[in-house]
Amino acid sequence: MPVLINVTQKERETEPISEEMGVVDRANVVLETQRLSVFYGNFKAIHDVNLSFQKNKITALIGPSGCGKSTLLRALNRMNELVPSARAEGAVLYRGHNLYAPNVDPVEVRRRIGMVFQKPNPFPKSIYENIAFGLRINGWKGSKAEMDDIVERSLRRAALWDEVKDKLKQLGTSLSGGQQQRLCIARAIAVEPEVILMDEPCSALDPIATLKIEELMIELVKQYTIIIVTHNMQQAARVSDYTAMMMMRPDRSGEVIEFDTTETIFTKPKDKRTEDYVSGRFG
Amino acid sequence: MATSEIRRNFAPAEDMSFDAIQGSRRLKGMLLVAFSILALAVGVGMVLTLLIDVLVRGLPWLDWQFLTSFDSRFPERAGILAAMVGTALTIVITVIVSLPVGIMSAIYLEEYARDNWFTRLIEINIANLAAVPSIIYGLLGLAVFVRFFGLNRSILAGGLTLALLVLPIIIVVSREAIRSVPNGIRQAAYGIGATQWQTVWHQVLPVALPGILTGNILAASRAIGETAPLVTLGALTFIPFLPKDLLDRFTVLPIVIFNWSSKPQREFHDVAAAAIIVLLGILLLINLLAIVLRQRLRKQF
Amino acid sequence: MSMAAPSESSNAGLGLQQRRPHALGERFISILLMTAAALSVVTTFAIVLSLAGDTVAFFREVSVIEYLTGTLWTPLFSNPRFGIWPLITATFMTSAIAMLVAVPFGLAIAVYLSEFASLRARSLIKPLLEVLAGIPTVVYGYFALTAVTPFLRGFIPEIKSFNSLSAGLVMGVMIIPIVASLTEDAFNAVPRGLREGAYGLGAMRHEVALRVVFPAALSGVAAALLLALSRAVGETMIVALAAGQNPTFTLDPLVPVSTMTAYIVQVSLGDTPYGSIGYKTIFAVGATLFIITFAINFGSTLIVRRFRERYD
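Residues numbered from 1 in each chain as written. Chains lettered and ligands numbered in written order. Predicted model: local features only at pLDDT ≥ 70, side-chain atom pairs only at ≥ 80, totals over all residues. Heavy atoms only, no water.

## Describing the overall build of chain B
Scanning chain B from N- to C-terminus turns up 12 helices and zero strands. In sequence order, the secondary structure elements of chain B are arranged as α-α-α-α-α-α-α-α-α-α-α-α. Here the C-alpha atoms of chain B give a radius of gyration of 27 Å, more than 25% beyond the 19 Å that 2.2 N^0.38 yields for 301 residues. Taken along the three principal axes of its C-alpha coordinates, chain B extends 95 × 65 × 40 Å. Taken across its 301 residues, chain B has 53% of its residues classed as buried. Intrachain contacts of chain B at a sequence separation of at least 6 include 72% that bridge at least 24 residues. Summed over all atoms, the accessible surface of chain B reaches about 13600 Å², with 66% contributed by carbon and sulfur. (Helix = DSSP H or I, 4+ residues; strand = E, 2+ residues; numbered from the N terminus. Rg over C-alpha atoms; globule rule 2.2 N^0.38 Å. Buried < 20%, exposed > 50% of the residue type's maximum accessible area, 1.4 Å probe, protein only. Contact = heavy atoms within 4.5 Å. Areas by Shrake-Rupley, 256 points an atom, 1.4 Å probe, with all protein chains shown as cover.)

In structure tokens form, the structure reads like this:
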């Protein structure tokens, strides 16, 4: 399916990577950035990123620490704006609509593009309430039975139901780290987002819990579109369909230097830096 | 299918109206902000009213005669000379006593103390002392300084009492200032063979000084406004003379304000307003001094 | 503290032995510093002892039962009665009115500062609150007596010149900055991750503030409110000036009363000789006030310890 256009090293230095490279299928793009730049005060943390994200696929953002992966991820659902000095230029198109247009409410954006964080952050409330919270604030009106139903279905889809079905009244914070993270995933999917952003969701977890989350992601991507930031090369290789490689240079940070199918990135990358990075030579 | 069943609860994915937050939801947020601003406005508005009221009533009475006269039974002859001198002397004693003791305690707790029961006792104790009502300090001063040490109801007894009152504040602000000194400075000093005290004296204290001084000036301004402990201690309300020495009887500005405010004659309320202008003016000057001092010292170090 | 040149102390070997004069000086200094720190403990003991001495003397003359159950407080009359309740009800009535003002307003300001305010708004509001907190209480008392009470009379003609209502209201405004800054600290202690979790679900600022941050900070807020209450209970000049000095056993906020603190001020202003029963009463009342505020503060500490949320 993907048609690769050969781009020389030189061109890639100057021209931003974009879907024109033909890696992605235009018809199935859910989210794309156009010349997206993010600033913290005067510091330009993200440089003119053009990326497309495919529906029902997992796209991984990889790159060395400090290259702007998390910043880019947070710009996709406007979480960046919670940092007082942050601002963005360019556009993020969701089904063709610019999420940074003046009439767009960031709150509504985040409902449709959910997020799972590096450190599990369940609310200090019951497991049940953790999931019901998102529905309640989003103006959901329904009976107790319907709510029970959604809570159960969300927990089932997050592969957590069997472990917690007898203790829904317990504090979410009382679960183990891996369970907490699955609870956060259940919490995110309860409000039915179309896209789920995951910011190093397994970095605080042990290998077994990590494996569970990875299996879950592969299951979830049948219904959702997932974009994941990860430090773990194996993880990117195991779960993602597409991979974007980000880099920083002394004079600028937050560039996407290569974007392709995960297979290509890991087997025959075109950029030397990508090759060095995925083979573990730095970063 | 499960997904679509839930999805029906929200705007469908095809619905691109991102500005479609329900009115009532947005309204709640606006109400909360409005209430917060109202709360601020009430506080600030009340103090503004207070200031204007005080200025309108007090300014006509504020003249040279007012500043240089003793108290009187007649409002037009009443002045605050004895009170200003009393306040000045009391605060000097307070600062001279509390400053070194407070800073030394802070140095001990931050630089020397080990994590043991004694340190914890001191820390809990300081937190508790900070929450003791000021009038209790008055009773303490009355029992200890006035009677036990036989200082009578003197300036010295008053100054010492206020020193104990502000000590917890001074310790807390000095500790914060010392804590904010970067650890690298200490390590550098130890690295060239300085002893602990040399490190503290030559490296840590100079850096912490702006913070310590600012905090202490604010503590002193707290002492200047204190009324209750000195009333309890037995400071007089009516003093028609200047104190001969530190063991003489005295009054201070806040007590004079209290005394005049509680008189039934309206003229005395106006005189009280004039004294309030002086008191607030002094506090304002001191706080400005603290800000200027902090800026100056910051540049120096 | 002069730095000893290495040559002076290195006559033997490599000079790595302890530099004697310094070691002595260092020891002296550390003991001096410790003594200064220990002074605060001495202060606490002095407070307890000085209150206890005359309180014990007081209870040699007055029955504890009468003190704790009586509802008449007339210690300076020729037929003295020593029931503490009029002072206690007055103290708690003025404090309750103050808290009714300070809690909602202080919390609202804290929520605004921690969840809504821009950096610029913060840098404007914080100093403003400090100014409010820095005004001497006697000035607030003057204002309650000479401005607020006459103002209230416009709406409530039967209000007396001295009353709990205006004292309580003004005390409430005085306490707003305390409530605001203490509860803001509690809000700021809530980890960023929780806020982001809620924002990531599409929560609006007020929903994050009220439904995530506030519940998570509840124990800190409760502790802060107790500290503010203790400030109100121990506050003196506002109530002494504006609430009156008539120990009446009442919950009517429109009539003169006398709080515990106001009573101590009243006796201190009079010429009460040492050793008289009047002199002893202020220590008994002071001890009662100390125990009450200590209990409130202790409760605050307990809450912080017991219910501190563990996020790690």
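Let's pick the thread back up.
## Notes on the pairing of strand 2 (residues 43–54) of chain A
Residues and elements named next belong to chain A. Most of strand 2 is tucked away: nine of the 12 residues are buried. With eight bridges joining them, strand 1 (residues 29–40) and strand 2 adopt antiparallel strand pairing. Looking across to strand 2, one finds that Val38 is bridged to Ile46. The hairpin formed by strand 1 and strand 2 contains two residues between the paired strands, and Gly41 there has a positive phi angle of roughly 60 degrees. (Pairing = 2+ DSSP bridges.)

## Considering the interface of chain C and chain A
With 21 residues of chain C at the interface, the matching set in chain A holds 26 residues. Buried area between chain C and chain A, both sides added, is near 1900 Å², and the carbon and sulfur share of it is 65%. Here chain C and chain A share one salt bridge between them. A salt bridge links Glu196 of chain C to Arg74 of chain A, with the shortest nitrogen-to-oxygen separation between them at 2.7 Å. Counting across the interface, chain C meets chain A through three residue pairs in polar contact (both at pLDDT 80 or more). (Buried area = accessible area lost by both parts, 1.4 Å probe. Salt bridge = Lys/Arg side-chain N within 4 Å of Asp/Glu carboxyl O. Polar contact = N/O pair within 3.5 Å; in protein donor to acceptor, adjacent residues only side chain to side chain.)

## Structural notes on the sheet that holds strand 10 (residues 255–261) of chain A
All names here are of chain A. What the six strands build is an open sheet, ordered 6-7-8-3-9-10; its pairing is mixed. Unpaired on one side and paired on the other, strand 6 (113–116) and strand 10 mark the two borders of the sheet. Taken over all neighbouring pairs, the strand axes of this sheet differ in orientation by 20 degrees on average, direction set aside. In terms of strand pairing, strand 7 (residues 195–199) meets strand 8 (residues 225–229) through five bridges, oriented parallel. Each bridged residue has a counterpart across the sheet, and for Asp199 the counterpart in strand 8 is Val229. Along the sheet, helix 8 (residues 207–220) makes contact with strand 3 (58–62), strand 7 and strand 8, crossing strand 8 at roughly 150 degrees. (Axes fitted to C-alpha atoms, helices over the stretch in contact; angles between N-to-C directions.)

## Re the confidence of the model for chain C
With 91% of its residues at a pLDDT of at least 70, chain C reaches an overall mean of 87. Throughout residues 1–12 of chain C the model reports pLDDT below 50, and contacts reaching past four residues in sequence, or to other chains, amount to 15 contacts. (pLDDT = per-residue confidence, 0-100.)

## Considerations on the nonpolar core
Ranked by size, the top nonpolar core spans 206 residues in total, and within it Leu31 of chain A, Trp260 of chain B together with Ile175 of chain C carry the most contacts. Setting aside residues up to four positions removed in sequence, Ile175 of chain C forms contacts with Ala98, Ala102, Ala228 and Ala232 of chain C. Listed in part, the 48 residues of the second largest apolar core include Val116, Tyr224, Ala236 and Ile265 of chain A. (Core = buried A, V, L, I, M, F, W, Y, C linked by side-chain atoms within 4.5 Å.)

## Considering the environment of Ala38 of chain C
Considering the arrangement of structural elements, one finds Ala38 of chain C in helix 2 (residues 20–61). Separated by 127 residues in the primary sequence, Ala38 of chain C and Leu165 of chain C have C-alpha atoms spaced 42 Å apart.

## Comments concerning helix 7 (residues 155–179) of chain B
All names here are of chain B. A rise of 1.5 Å per residue sets the reference length of helix 7, with its 25 residues, at 36 Å; its end C-alpha atoms lie 35 Å apart and thus fit the reference within 8%. For helix 7, the principal kink sits at Val166 and spans about 40 degrees; a proline, Pro168, occurs within the next four residues. Judged by how many residues are buried, helix 7 sits mostly within the fold: 19 of 25 residues are covered. (Expected span 1.5 Å × (residues − 1). Bend = angle between axes of the 7 residues up to and from the residue.)

## A word on the domain arrangement of chain C
Residue and element names in this part refer to chain C. Each assigned domain of chain C is listed with its residue range as follows: domain 1 (17–61) and domain 2 (85–307). Taken over C-alpha atoms, the centre of domain 1 sits 32 Å from the centre of domain 2. Of the residues lining the interface, nine residues belong to domain 1; the matching set on domain 2 comes to nine residues. Overall, the association of domain 1 and domain 2 removes approximately 830 Å² of surface from exposure, summing both partners, and the carbon and sulfur fraction of that is 78%. (Domains from an automatic or database assignment.)

## A few points about the packing of aromatic side chains
If you walk through the whole model with that rule in mind, you get 22 aromatic pairs over all chains. Seen in terms of ring centroids, Phe58 of chain C and Tyr67 of chain C are 5.6 Å apart; in terms of plane orientation they differ by 75 degrees. Their pairing is edge-to-face. Tyr67 of chain C matches Phe58 of chain C in its accessibility class, with the two residues each being buried. Among the aromatic residues, those joined into a ring-pair cluster are Phe58, Phe59, Tyr67, Trp73, Phe82 and Tyr263 of chain C. For the cation-ring pair, Arg78 of chain A lies above Tyr100 of chain A, with the distance from its terminal atom to the ring centre recorded as 5.1 Å. The side chain of Arg87 of chain A reaches across the aromatic face of Phe39 of chain A, ending 4.2 Å from its centre. (Phe/Tyr/Trp six-rings, centres within 6.5 Å; stacked < 30°, edge-to-face > 60°. Lys NZ or Arg CZ within 6 Å of the ring centre and 35° of its normal.)

## Comments concerning the state of the cysteines
Residue and element names in this part refer to chain A. Following the criterion strictly, the structure yields zero disulfides over all chains and no others. Free cysteine Cys67: the closest other cysteine sulfur is in Cys202, separated by 18 Å. On the accessibility criterion, Cys67 (0% relative accessible area) is buried. Given the relative accessible area of 7%, Cys202 is considered buried. (Disulfide = S-S within 2.5 Å.)

## Observations regarding the sheet that holds strand 1 of chain A
All names here are of chain A. One open sheet accounts for four strands, arranged 2-1-4-5; its pairing is antiparallel. Here the strands that pair on one side only, and so sit at the sheet edges, are strand 2 and strand 5 (97–98). Of the strand pairs in this sheet, strand 4 (residues 86–94) and strand 5 are connected by two bridges, and their pairing is antiparallel. Along strand 5, the bridge assignment pairs Tyr94 with His97. Against the sheet, helix 2 (residues 69–76) engages strand 1, strand 2 and strand 4, with an angle of about 120 degrees to strand 1.

## Some remarks on the domain arrangement of chain B
All names here are of chain B. Under the domain assignment used here, chain B contains domain 1 (23–61) and domain 2 (75–300). Its C-alpha centre places domain 1 at a distance of 31 Å from the equivalent point of domain 2. The interface is formed by seven residues belonging to domain 1 together with 12 residues belonging to domain 2. Between domain 1 and domain 2, roughly 760 Å² of surface is buried when both sides are summed, and carbon and sulfur atoms account for 76% of that area. Looking at the side of domain 1 facing domain 2, the largest losses of area belong to Val54, Arg57 and Trp61, adding up to 76% of the total buried there. Across the domain 1-domain 2 interface, the total number found is one salt bridge.

## Let's talk about the interface of chain C and chain B
Chain C puts 77 residues into the contact, and the matching count from chain B is 75 residues. Interface area, chain C with chain B, both sides summed: about 6700 Å², of which 77% is carbon and sulfur. Summed over the three residues of chain C that lose the most area to chain B, namely Leu33, Tyr142 and Phe143 of chain C, the buried surface amounts to 10% of that side. Between the two partners, chain C and chain B, sit two salt bridges. With a closest N to O distance of 2.6 Å, Glu207 of chain C and Arg25 of chain B form a salt bridge. Between the two partners, chain C and chain B, sit 13 residue pairs in polar contact (both at pLDDT 80 or more). Top element by residues in the side of chain C that touches chain B is helix 2 of chain C. It accounts for 20 residues. Of the residues belonging to the side of chain C that touches chain B, the class tally is 53 nonpolar, 19 polar and five charged. (Nonpolar A, V, L, I, M, F, W, Y, C, P; charged D, E, K, R; others polar.)

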